[in-house]
Amino acid sequence: MQYVDTTVTELTTESELVRNARNGDEMAFLVIYQRHRSAVYQFAWRMSRSTTTAEDVMQECFLALVRGAAFDNGRGTLRSYLFGIARNLLRRGLRTSEREAEEPEEAMASIDVLGELLTAERSDLVARAVEQLPPLQREAIVLFTYEEMSLEQIAGIVQADIGAVKSRLRRAREALHATLAPLLAQGSNRRTL
Amino acid sequence: MNEHDPLDNLLREWNSPEPTDELDRRITSAYRTTVRPPIWRRFWRTRISIPAPALVSAALVVLALFLWLRPHFGVSVATPSAPGPAAVQPETRVTLADFQPVQQLEPHIMKEGK
């Protein structure tokens, strides 16, 4: 990764950086890229659980930024804007009628947590539990838990109202509690030992 | 949201990888291909960095050359030339034949204050 003196460019607004990057200023592009590369990649990876998909989404996301619609600072942060692009790209790739369903109960039954406890890593079980969530709930839990975004930011990215985001988060957490109950119990037992 | 839900700690056990250097290179290369400014713009925006001692040395060389060459130019300019026909200032003479009637009259009306 090429070193970029971000202290020099901290005073430059993100709108200016995007405009300069579109005009061929590679340094401006690299500043944007360095600031957001990890977050965008990790979001794409957690949503797809595929390195190839995450890499493709990330490339398309940053190229869409320099050749797509104008970014307006007044309508949200650049991070939210990039996540919005990534989300659209992911949805285009992941869209199936089954996965669009909001209700996760049937999918949850396919994970046998108890049976896999001895062989699988805890993190892998968590990953699989999140993966089993419907896409709308999954993106809500990923953005809230891993990207530490506020409900307002998530609502802006997923183009839904805050009530809908809250509802998705609540259902996602209920489903994860149910699926990961053995691990949660194991964790609490560990602490009491 | 529940502040101390153990689910949060459990969820954070799932770490995701970082993008690779190979991906960084790929995206930078794709950017260059996508947004390539015209050559004339690149020329005007080209920047070079030069160490200050080298810049001062170059400036001193230019100054020395200027001072060294100045007397040579000065001789040819400062040589007094003998008064001759070329030195005579041309005289401007106007006769009545120079005054001719106007062929096409185009009056322009100017408004007051213009």
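For the structure itself, consult the block above.
If you're wondering where the values come from, they're calculated on a predicted model, not measured in any experiment.

Quick notes on the rules
Per chain, the residues get numbers from 1 upward, laid out in the order the sequence is written. Each chain gets a letter, beginning with A, and each ligand a number, beginning with 1, in the order they are written. The predicted origin of the model limits local features to residues at a pLDDT of at least 70 and limits the giving and counting of side-chain atom pairs to 80 or more, whereas totals for whole chains, interfaces and linings rest on all residues. To obtain the side-chain values, all non-hydrogen atoms of the structure were included, while hydrogens and water were left out. Put simply, DSSP H or I for four residues or longer makes a helix, DSSP E for two residues or longer makes a strand, and each gets a number counted from the N terminus. Burial classes follow relative accessibility: with a 1.4 Å probe on protein chains only, a residue under 20% of its type's maximum area counts as buried, one over 50% as exposed, and anything between as partly exposed. Contact definition: two residues touch when any of their heavy atoms are within 4.5 Å. To measure how exposed things are, a 1.4 Å probe is used in the Shrake-Rupley method; for residues, cover is taken only from the protein chains shown. When two components associate, each loses some accessible surface as probed by a 1.4 Å sphere; the sum of these losses over both components is called the buried area. Basic side-chain nitrogens of Lys or Arg form a salt bridge, by our definition, when they fall within 4 Å of a carboxyl oxygen of Asp or Glu. Throughout this description, a polar contact denotes any pair of N or O atoms lying within 3.5 Å of each other; where both atoms belong to protein, one of them has to be capable of donating a hydrogen while the other can accept it, and for residues adjacent in sequence the pair is counted only when both atoms sit in side chains. Three categories are distinguished: nonpolar for Ala, Val, Leu, Ile, Met, Phe, Trp, Tyr, Cys and Pro, charged for Asp, Glu, Lys and Arg, and polar for the others, with Gly belonging to the last. An axis is simply a line fitted to the C-alpha atoms; with a helix, the fit covers only the stretch in contact. Between two such axes, the angle follows the N-to-C directions and lies from 0 to 180 degrees. Any angle that falls under 35 degrees is termed roughly parallel, while one over 145 is termed roughly antiparallel, one within 65 to 115 roughly perpendicular, and all others oblique. In this scheme, a crossing is called left-handed if the near helix is turned counterclockwise away from the far one by less than a right angle; it is called right-handed if the turn is clockwise. In this analysis, the expected span of each helix is defined as 1.5 Å times one less than the number of residues it contains. The arc under discussion is defined with respect to the helix axis, by the directions toward the C-beta atoms. Two aromatic rings from Phe, Tyr or Trp, using only the six-membered ring of Trp, form a pair when their centres are within 6.5 Å; if the ring planes differ by under 30 degrees the pair is stacked, by over 60 it is edge-to-face, and anything between is tilted. Two thresholds decide whether a charge sits over a ring: the Lys NZ or Arg CZ must be within 6 Å of the ring centre and within 35 degrees of the ring normal.

Draft legend 1. The arrangement of the overall build of chain A in detail. Looking only at helices and strands, one finds twelve helices and zero strands in chain A. For chain A, the sequential pattern of α-helices and β-strands runs α-α-α-α-α-α-α-α-α-α-α-α. The 193 residues of chain A split such that 48% are buried. Here the analysis covers contacts within chain A between residues at least 6 apart in sequence; of these, 67% occur between residues at least 24 apart. Surface exposure of chain A reaches about 9,300 Å², of which carbon and sulfur atoms provide 49%.

Draft legend 2. Here's a closer look at the overall build of chain B. Helix and strand content of chain B: four helices and zero strands. Tracing chain B from N to C terminus, the helices and strands come up as α-α-α-α. Sorting the 114 residues of chain B into buried and exposed places 14% on the buried side.

Draft legend 3. Just the interface of chain A and chain B, in detail. Contact with chain A, which involves 45 residues of that partner, is made by 30 residues of chain B. Here chain A and chain B share an interface that buries about 3,600 Å² over both sides, 61% of which is from carbon and sulfur atoms. Linking chain A with chain B are seven salt bridges, by the criterion used here. For Arg26 of chain B, the salt bridge goes to Asp56 of chain A, with nearest N and O atoms at 3.1 Å. Inspection of the chain A/chain B interface yields 16 residue pairs in polar contact (both at pLDDT 80 or more). Per-element accounting of the side of chain A that touches chain B gives the leading share, ten residues, to helix H3 (residues 26–48) of chain A. A per-class count over the side of chain A that touches chain B returns 22 nonpolar, nine polar and 14 charged.

Draft legend 4. Region of interest: the pattern of salt bridges. Residues and elements named next belong to chain A. This model, assessed by the stated rule, comprises 15 salt bridges over all chains. A salt bridge links Arg49 to Glu131; the shortest N-O distance between them is 3.5 Å. Of this pair, Arg49 sits in the loop between H3 and helix H4 (51–67) while Glu131 sits in helix H8 (residues 122–131), and the two are 82 residues apart along the sequence. Since its relative accessible area comes to 32%, Glu131 is described here as partly exposed.

Draft legend 5. The arrangement of the side chain of Thr28 of chain B in detail. For Thr28 of chain B, the location among the structural elements is in helix H2 (residues 21–34). A distance of 2.7 Å separates the side chain of Thr28 of chain B from the backbone oxygen of Asp24 of chain B, its partner in a polar contact. Apart from residues lying up to four places away in sequence, Thr28 of chain B is in contact with Glu26 and Leu30 of chain A.

Draft legend 6. Focus on the packing of H3 of chain A against H2 of chain B. Put simply, H3 of chain A and H2 of chain B touch, their axes get as near as 11 Å, and they point 140° apart. Taken together, the axes of H3 of chain A and H2 of chain B are oblique relative to one another. By crossing handedness, the relation of H3 of chain A to H2 of chain B is classed as right-handed. Contacts between H3 of chain A and H2 of chain B involve Glu26, Phe29, Leu30, Tyr33, Arg37 and Tyr41 of chain A on the former and, on the latter, Leu23, Asp24, Ile27, Thr28, Tyr31 and Arg32 of chain B.

Draft legend 7. Region of the structure containing H2 of chain B. Between its first and last C-alpha atoms H2 of chain B spans 20 Å; for 14 residues at 1.5 Å apiece the expected length is 20 Å, and the two agree. Burial in H2 of chain B covers these residues: Leu23, Asp24, Ile27, Thr28, Ala30 and Tyr31 of chain B. One face of H2 of chain B carries all of its buried residues, which in axial projection span an arc of 160°. The exposed set on the far side of H2 of chain B, more than 90 degrees from its buried face, consists of Arg25 and Thr33 of chain B. At its buried positions, H2 of chain B is contacted by helix H2 (14–22), H3 and H4 of chain A.

Draft legend 8. Spotlight on the packing of aromatic side chains. For the structure on display, the rule yields eight aromatic pairs over all chains. Judged by centre distance (6.1 Å) and plane angle (15°), the rings of Phe29 of chain A and Tyr33 of chain A are stacked. One end of the pair is Phe29 of chain A and the other is Tyr33 of chain A, both in helix H3 and four residues apart, which spans about a single turn. Ring geometry for Tyr33 of chain A and Phe62 of chain A: centres 5.0 Å apart, planes at 70°, overall edge-to-face. In this pair, Tyr33 of chain A is assigned in helix H3 and Phe62 of chain A in helix H4, connecting sequence segments 29 residues apart. Of the two residues examined, Tyr33 of chain A and Phe62 of chain A, each falls in the buried class. An aromatic cluster is built from Phe29, Tyr33 and Phe62 of chain A together with Tyr31 of chain B, whose rings are joined through pairwise contacts. Note that Arg46 of chain A overlies the ring of Tyr146 of chain A, its terminal NZ or CZ placed 3.8 Å from the centroid. A cation over a ring is seen here: Arg46 of chain A above Trp14 of chain B, with NZ or CZ 5.3 Å from the ring centre.

Function-wise, these values are silent; they only describe arrangement.
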